[in-house]
Amino acid sequence: MTLSITVALLTAGAVYLFSKREFLRVILGFVLIGHAGNLILFAAGGSDRRIEAFHPSADPSAMADPLPQAFILTAIVIAFSITVFMLVLAVTGDDTDGTATKVEQLDVSAESESDGVRHEPRRNTSRQEKA
Amino acid sequence: MLLTAILLTLIAAVLAAPLSHWLGKYAGWLLWIPLAGAAWALIQAFAGSGGEVIEYYPWIPDFFNVGFHLRLNGLSLVFGLLVLVIGAGVLFYSARYLDRTKITSFYLSMSAFALAMLVLVLANDLMVLYVAWEATTLASFFLIARSGSHARKPAVRTLLVTVAGGLGLLAAVSVMIASTGTTVITEILRSDIWDDSSTVTWLILTLVLAAFTKSAQFPFQSWLPDSMVAISPVSAYLHAAAMVKAGIYLLLLFSPVLAGNTLWLVLLVSSGLITALLGAVAALRRYDLKELLAYSTMSQLGYLVALIGIGTPTALTAAILHTIAHALFKSALFLAVGVIDHEAGTRDMRMLTVRKMAMPATLTIVILGSASMAGIPPLLGFVSKEHLFQAFLGAELPGVLPWVLTGLAVLTAIGTFAYSGRFVLGAMGSYRSPRNWINTPRGLAANRQTVYEAAPSFWAYPAVNASLSLILGVFPFFLADLVSDSATAAVGAHQEVELALWHGINPAFMLSLLVIVVGAIMVWQLPRLEAFLVPRPLVYSGLGAVEKLRQTTIEFGAVVSSWTSGLSPGRHLVWPAALLAGLALTGWFAIDELPAQQENLTRWTDWLLVAVVAVGVIATIRARTRVAAIVVLGTVGFSVTLWFFALGSVDVALTQLMVEILTVVVMVLLLNRLPKTFGKKEKASRSGIIAAVLAGIAAFAGTYALTGRRDMSDPAQYLTEQGTEVTGGNNLVNVILVEFRALDTLGELTVLGVAGVAVAALLASRAPNPVRKAKVLSTSPLTNPHHNSVYLRSLSKIAVPILVVVSLILLFRGHNEPGGGFVGALVTGSAFALLYLAAPADEAAPIRLPYKGLIGTGVALGSAVGVYGLVDGSYLTPIYMDIFGFELNSSLLFDIGVYFAVLGLILGAFNMLGTERGLAETVETPPEPTTGPPGIRKKNSKHSRQREVTS
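Since this is a predicted model, take the numbers as computed values, not measurements. (Residues numbered from 1 in each chain as written. Chains lettered and ligands numbered in written order. Predicted model: local features only at pLDDT ≥ 70, side-chain atom pairs only at ≥ 80, totals over all residues.)

Side note on the overall build of chain B
Here is step 1 of the chain: The helix and strand tally for chain B stands at 37 helices and 8 strands.
Here is step 2 of the chain: The 951 residues of chain B split such that 50% are buried.
Here is step 3 of the chain: Residue pairs at least 24 apart in sequence account for 78% of intrachain contacts in chain B once pairs closer than 6 positions are excluded. (Helix = DSSP H or I, 4+ residues; strand = E, 2+ residues; numbered from the N terminus. Buried ≥ 20, exposed ≤ 12 C-beta atoms within 10 Å, placed from the backbone. Contact = placed C-beta atoms within 7 Å.)

Here you go:
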């Protein structure tokens, strides 16, 4: 019951955030639905046995199901990498989602060489600088 | 020996790139040698056998015993020699022809094509045959496409047509394998599937589709002239001598079992003769010498297809002889056009008329080749055409049909004679346009320079082929053995062919004479013929049809993509949502009664977690600023972490905890590239709320109804009871990750690596948003990043070593206790995160490890450990070792691979997303508290940056 309610809360929050315009909110929604998915996986293994799955200290009959745990563990890390990718999407490219409309007025730090990647100054700003 | 030939050709393909790099275009002067060697190997192998050489090398023994079944008989010897000898010659020729650009791609594709073609004709296994067939298609595509941007569309059109044919071959191959249970061609040819008429009908249709597309037969002929945008050596080799002959080879290969079938006969003869006539007429209308040759090739291939369709021993013999004759004269002509094009700068006969052609050798080649093409004695083309007429006359067909077919063949031959003459006149610069025509460029300011002869090494190879056309024409008995063996293979019964220049006065000779006389008159009256033909274009344009198909496909793709494209997430989510709803409805009606829920699923402490999650979710969706949203999202993450602890999963909880921390760090790094708040206050949209509530109810109902209603699954039962016994590891979750489903984990590592590379690619191609700078009072200690970071730096000095040690402990004990590669890497990552945040400037952060290398090392280590597992059974089998008394498990190495890959991703994220420091803007007065993002005055920024430097 409690797991189902948690999943419901997370899913509802995620779907609400998906309906928003800002990409960051969509990403937050993605993180929430990732949590929900992981908990559903856990629920699939059952939540009646809750002893950690370690031999030989635990009795196999009382052990939590280790199989979904392994699934979830990798799922968490994958979700992390996808989150990072989506975050980068959020800060690059065209601001078609309207989240960065006000940033254009801000100053540019053009020569960012933090990672060896050449960051071109944005077109509109360079025009301003020429003026 | 067959393998030797293939390996020699492979050597040419392997050496093509380095040799082109060192020698440039002159690589061709070395690359022809392995091909010639391979040809010699084939001859040696055949000479020492009784007409058939069989070799076998295993490839996929578990699947129908697919393998390199190789077979050399007379038929494959003829085609193999054409491929290798002409290939060697063309490579030699190319050294003179090529300019300085894209040499590597040329030699690589050409030698790879030669290899594919050789494997194709030697294959005695349908799978090998099919793979080689498609490889030739691809090589042809690349060789056309490399000619530049104007060649893109023709290349794509050629690919479309030939790939469609490849699908036909795939269908035929699949049917044959499925109905015989073997992939060996000789066994399939002996099997009884050829007695079943419906199977045979399908096989004929699919095989004919493959052969017609490859050999440019009506109605798939259009790609061949289209592909003439490729350079002359490519046209000579692929589109005259080798690749287009693959279709002919395929037809001859199956001729023993299909000859005599009515469908086979009707399809091949009708299409072949239509193509032959169509090509001959079209060639009479072309001004581009190379295009003329392309239509001529089409026409000659039509002859071959029609002959194979007739299927009598005489016809098949004639087809083989004409294949040889055609390959010799057509490659010589294409290469000669290449010489003219190279020296004159044009191959348009209208442009060449104003030039003086001082090219005795090249023009001799042109005349010899054209004479063979026209069927003038004593050239080989005359001998083969004589056999051709004999075959048409002797066709085993009812009524007047043989005479009708012969008539069409004679008509084509007359056209051939006429366009051959036209070609010679055009190449000599003696083209005469019809009277009163003003659309010829004669009046234009054309280049009038004399065209001088090229270097002997340039025209040497085409001269060899032209001379062979003459020598073998005078002494055709040199070819008798080869053609006999080949015909034996194509007919399926022993054949003894006698070849001679003079057969006496017989109907075939009379027809040849007729062709020569009428053809000569037509050459004489060429301008009138042209005035008649040129204004009458054909109604049917194959090229237009292919182009239309291509366009329609692309437009249809756009329509399909328009269904799924769009920026609104709702548009994408509605489909899975609808699908899920449908599934739920089905379940509702299909499932009568759910099993009883297990007891003890819920503890009272769970409700506390529910409450925290509820608060976190509500706060996240209500947050006004981005910082706040991220912070409260963290609370959700931590409560989910607690959930995992409560459910009895230490490893998952630890992982979740670390990921939560790192997610927040990455988000914070990116935060100052985004505005502070979520734009203008959006009214909570009603549809969003409704969707959210519905989704929540559905998620609840689904989870509640479908989980916690059964005992542990069988695999889980096995793992909990015997997992430790089998693997020696006490931590069952880790044991599953690195041993039981290690392949899955390896796949996930690859996903991590791809995500890291994708982030790098994204940042390289699209500039990130500018960084939003903070406004700081000039007197504030915050302006100095060194002072600013004292606290974190002090902390990191103590914390980082501890974190690193802890992470290593976690990594190495993971097999038995909580920990493992994932958690270990995440803890190390958090140590680096601390170092990064504590560094006074981005450049000073000591985290500049090669993250791509780390990811690569991780995935490579994981894969290598997997290969090591092959020692003991299968990929990724864990191996136990005893080194100096320490028990070492290869799964630990695998876990170290996991560690590297995850760490690489985290470091990559920091390295790439890190922002430059020291750009805080100092202001004299405290900034006004505003809710919007701080607007910064442009004029001041430069000034203030200078001051920052001085302070």
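Looking at the overall build of chain A
Here is step 1 of the chain: Helix and strand counts for chain A stand at 4 helices and 0 strands.
Here is step 2 of the chain: Every one of the 131 residues in chain A was classed for burial, and the buried ones make up 60%.

A closer look at the pairing of strand S2 (residues 66-73) of chain B
The side chains of a regular strand alternate between both faces of the sheet.
Residue and element names in this part refer to chain B.
Here is step 1 of the chain: Within S2, 6 of the 8 residues are buried, leaving the element largely enclosed by the surrounding structure.
Here is step 2 of the chain: Where strand S1 (residues 52-60) lies against S2, 8 bridges are found, and the strand directions are antiparallel. Bridge assignment links Glu 52 to a residue of S2, and that residue is Asn 73.
Here is step 3 of the chain: Linking S1 to S2, which pair antiparallel, is a turn of 5 residues; within it Phe 64 sits at a positive phi near 55°. (Pairing = 2+ DSSP bridges.)

Quick notes on helix H1 (residues 2-18) of chain A
Here is step 1 of the chain: With 17 residues, H1 of chain A should reach 24 Å at 1.5 Å per residue; the first-to-last C-alpha distance of 24 Å fits that figure.
Here is step 2 of the chain: Counting buried positions along H1 of chain A yields 17 of 17 residues, so the element is predominantly enclosed. (Expected span 1.5 Å × (residues − 1).)

Here's the deal with the environment of Ala 151 of chain B
All names here are of chain B.
Here is step 1 of the chain: Note on placement: Ala 151 falls in the loop between helix H5 (126-145) and helix H6 (152-180).
Here is step 2 of the chain: Overall, the presence of 20 C-beta atoms within 10 Å leaves Ala 151 in the buried class.
Here is step 3 of the chain: Spatially, the C-alpha atom of Ala 151 lies 6.0 Å from that of Val 229, the residues being 78 residues apart in sequence.
Here is step 4 of the chain: The residues contacting Ala 151, other than those within four sequence positions of it, are Ile 144, Ala 145, Val 229 and Ala 230.

Overview of the interface of chain A and chain B
Here is step 1 of the chain: Facing the 90 residues of chain A at the interface are 108 residues of chain B.
Here is step 2 of the chain: Every element with two or more residues in the side of chain A that touches chain B is listed here: H1, helix H2 (23-44) and helix H3 (66-91) of chain A.

Remarks on the nonpolar core
Here is step 1 of the chain: Met 117, Leu 118 and Leu 307 of chain B are the most contacted members of the largest nonpolar core, which has 214 residues in total.
Here is step 2 of the chain: With 20 residues, the top contributor of residues to this core is helix H14 (residues 313-344) of chain B.
Here is step 3 of the chain: Inspection of this core shows a minimum of three residues originating in each of domain 1 (1-193 + 228-244) and domain 2 (259-553) of chain B.
Here is step 4 of the chain: Residue contacts for Leu 118 of chain B: discarding those within four places in its chain leaves Ala 5, Ile 6, Thr 9, Ala 38, Gly 80, Val 83 and Leu 84 of chain B.
Here is step 5 of the chain: Among the nonpolar cores identified, the runner-up in size contains 130 residues, and Leu 28 of chain A together with Ile 630, Leu 892 and Leu 913 of chain B belong to it. (Core = buried A, V, L, I, M, F, W, Y, C linked by C-beta atoms within 7 Å. Domains from an automatic or database assignment.)

Here's the deal with the packing of helix H31 (residues 742-765) of chain B against helix H36 (residues 890-913) of chain B
All names here are of chain B.
Here is step 1 of the chain: Orientation of H31 relative to H36, taken along the N-to-C sense of each, is 15°, at an axis distance of 10 Å. When the interaxial angle is binned, H31 and H36 end up roughly parallel. Regarding H31 and H36, the two cross each other, and that crossing is left-handed. Here Ala 742, Thr 745, Leu 749, Leu 752, Gly 753, Ala 755, Gly 756, Val 759, Ala 760 and Leu 763 of H31 lie close against H36, whose contacting residues are Phe 894, Gly 897, Val 898, Ala 901, Val 902, Gly 904, Leu 905, Gly 908, Ala 909 and Met 912. (Axes fitted to C-alpha atoms, helices over the stretch in contact; angles between N-to-C directions. Parallel < 35°, antiparallel > 145°, perpendicular 65-115°, else oblique. Left-handed = near helix turned anticlockwise from the far one by under 90°.)

Let's talk about the confidence of the model for chain A
All names here are of chain A.
Here is step 1 of the chain: Of the residues in chain A, 70% reach a pLDDT of 70 or more, and the chain-wide mean stands at 74.
Here is step 2 of the chain: Between the elements of chain A, mean pLDDT differs from a low of 41, seen in helix H4 (residues 123-130), to a high of 92, seen in H1.
Here is step 3 of the chain: The low-confidence segment residues 100-131, where pLDDT is below 50, has 48 contacts with residues more than four positions distant or belonging to other chains. (pLDDT = per-residue confidence, 0-100.)

Structural notes on unusual backbone geometry
Residues and elements named next belong to chain B.
Here is step 1 of the chain: The peptide bond linking Phe 218 to Pro 219 adopts the cis configuration, its omega dihedral lying at 5°.
Here is step 2 of the chain: With respect to the secondary-structure elements, Pro 219 resides in the loop between helix H8 (197-214) and helix H9 (223-226).
Here is step 3 of the chain: Looking along the chain, the bond that leaves Pro 377 and enters Pro 378 is cis, with omega of 5°.
Here is step 4 of the chain: Relative to the assigned elements, Pro 378 resides in the loop between helix H16 (360-374) and helix H17 (380-393).
Here is step 5 of the chain: One non-glycine residue, Ala 216, lies in positive phi territory at about 55°.
Here is step 6 of the chain: Within the secondary structure, Ala 216 is located in the loop between H8 and H9.
Here is step 7 of the chain: For Ala 216, a count of 32 C-beta atoms within 10 Å corresponds to the buried category.

Considerations on the environment of Pro 360 of chain B
Here is step 1 of the chain: With respect to the secondary-structure elements, Pro 360 of chain B resides in helix H16.
Here is step 2 of the chain: Considering only alpha carbons, one finds Pro 360 of chain B and Glu 453 of chain B, 93 residues apart in sequence, at a separation of 7.0 Å.

Some words on the confidence of the model for chain B
Detailed reading of the predicted model is not advised wherever pLDDT is low.
Residue and element names in this part refer to chain B.
Here is step 1 of the chain: On average, residues of chain B score 84 in pLDDT, and 91% of them reach the 70 mark or higher.
Here is step 2 of the chain: Per-element confidence in chain B is highest for H8, whose mean pLDDT is 92, and lowest for helix H37 (residues 938-950), whose mean pLDDT is 41.
Here is step 3 of the chain: When the criterion is pLDDT under 50, residues 930-951 qualifies, and its contacts beyond four places in sequence or with other chains add up to 21 contacts.
Here is step 4 of the chain: Of the two predicted TM-score estimates for the complex, the pTM is 0.66 and the ipTM is 0.78.

A word on the packing of H14 of chain B against helix H19 (residues 456-474) of chain B
Residues and elements named next belong to chain B.
Here is step 1 of the chain: Contact geometry of H14 with H19 gives a least axis separation of 8 Å together with a crossing angle of 150°. Relative to H19, H14 is oriented roughly antiparallel. The two elements H14 and H19 cross, and the hand of that crossing is left-handed. Contacts from Leu 328, Phe 329, Ser 331, Ala 332, Leu 335, Ala 336 and Val 339 in H14 reach Phe 458, Trp 459, Tyr 461, Pro 462, Asn 465, Ala 466, Leu 468 and Ser 469 in H19.

Here's the deal with H8 of chain B
The α-helix winds at 3.6 residues per turn, so residues separated by three or four positions along the chain end up facing the same way.
All names here are of chain B.
Here is step 1 of the chain: With 18 residues, H8 should reach 26 Å at 1.5 Å per residue; the first-to-last C-alpha distance of 25 Å fits that figure.
Here is step 2 of the chain: Those residues of H8 that are buried are in contact with H6, helix H11 (243-258) and helix H12 (262-283).
Here is step 3 of the chain: In the segment just after H8, Ala 216 is the residue with positive phi, at about 55°.

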